[in-house]
Amino acid sequence: TMSYHAEVSEGDNPGETQRELYKAAGALRIVACIAGGEAGVDTADVMSERLLVRTNGAKGVFANRRDKKVQQELVKAAGL
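Since the model is a prediction, treat every value here as computed from it, not as a measurement.

Quick look at the environment of Val41
Next up, step 1: Structurally, the position occupied by Val41 is in helix H2 (residues 41-50).
Next up, step 2: The exposure class of Val41 is buried, given its relative accessible area of 15%.
Next up, step 3: Along the sequence, Val41 and Arg66 sit 25 residues apart, while their C-alpha atoms lie 9.9 Å from each other.

Remarks on H2
Next up, step 1: Taken together, the buried positions of H2 are Val41, Ala44, Asp45, Met47 and Ser48.
Next up, step 2: Buried positions along H2 lie against helix H1 (14-25).

Some remarks on the pattern of salt bridges
Oppositely charged side chains are able to pair whenever their charged atoms sit close together.
Next up, step 1: One pass over the structure, following the stated rule, counts 1 salt bridge.
Next up, step 2: The closest approach of N and O atoms between Lys69 and Glu73, which form a salt bridge, is 2.5 Å. Of this pair, Lys69 and Glu73 both sit in helix H3 (residues 68-77), 4 residues apart, which is roughly one turn of the helix.
Next up, step 3: In this structure Glu73 comes out as partly exposed when scored by relative accessible area, which is 43%.

Remarks on H3
Next up, step 1: Sparse coverage of H3 is indicated by the burial of 0 of its 10 residues.
Next up, step 2: Directly after H3, the chain includes Gly79, whose backbone phi takes a positive value near 80°.

How each quantity is defined
- Residues numbered from 1 in each chain as written.
- Predicted model: local features only at pLDDT ≥ 70, side-chain atom pairs only at ≥ 80, totals over all residues.
- Heavy atoms only, no water.
- Helix = DSSP H or I, 4+ residues; strand = E, 2+ residues; numbered from the N terminus.
- Buried < 20%, exposed > 50% of the residue type's maximum accessible area, 1.4 Å probe, protein only.
- Contact = heavy atoms within 4.5 Å.
- Salt bridge = Lys/Arg side-chain N within 4 Å of Asp/Glu carboxyl O.

Structural data, given as structure tokens:
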């Protein structure tokens, strides 16, 4: 089983959430940002970019990776 150092709820804006994450981490270095469920994926993407940890990203080619229309267009463009 995994154990977590802290659980942080999303703030009113990304900056507030980021501050809460650093506050919860204290002296520990943040090395990952993991969504607790589907509803938190977009926030985890934004936070992982802001925290400079490994990320799927909130921008670029992966930004709409869960959008079925985008998936269909990419599959079509790949000739599949």
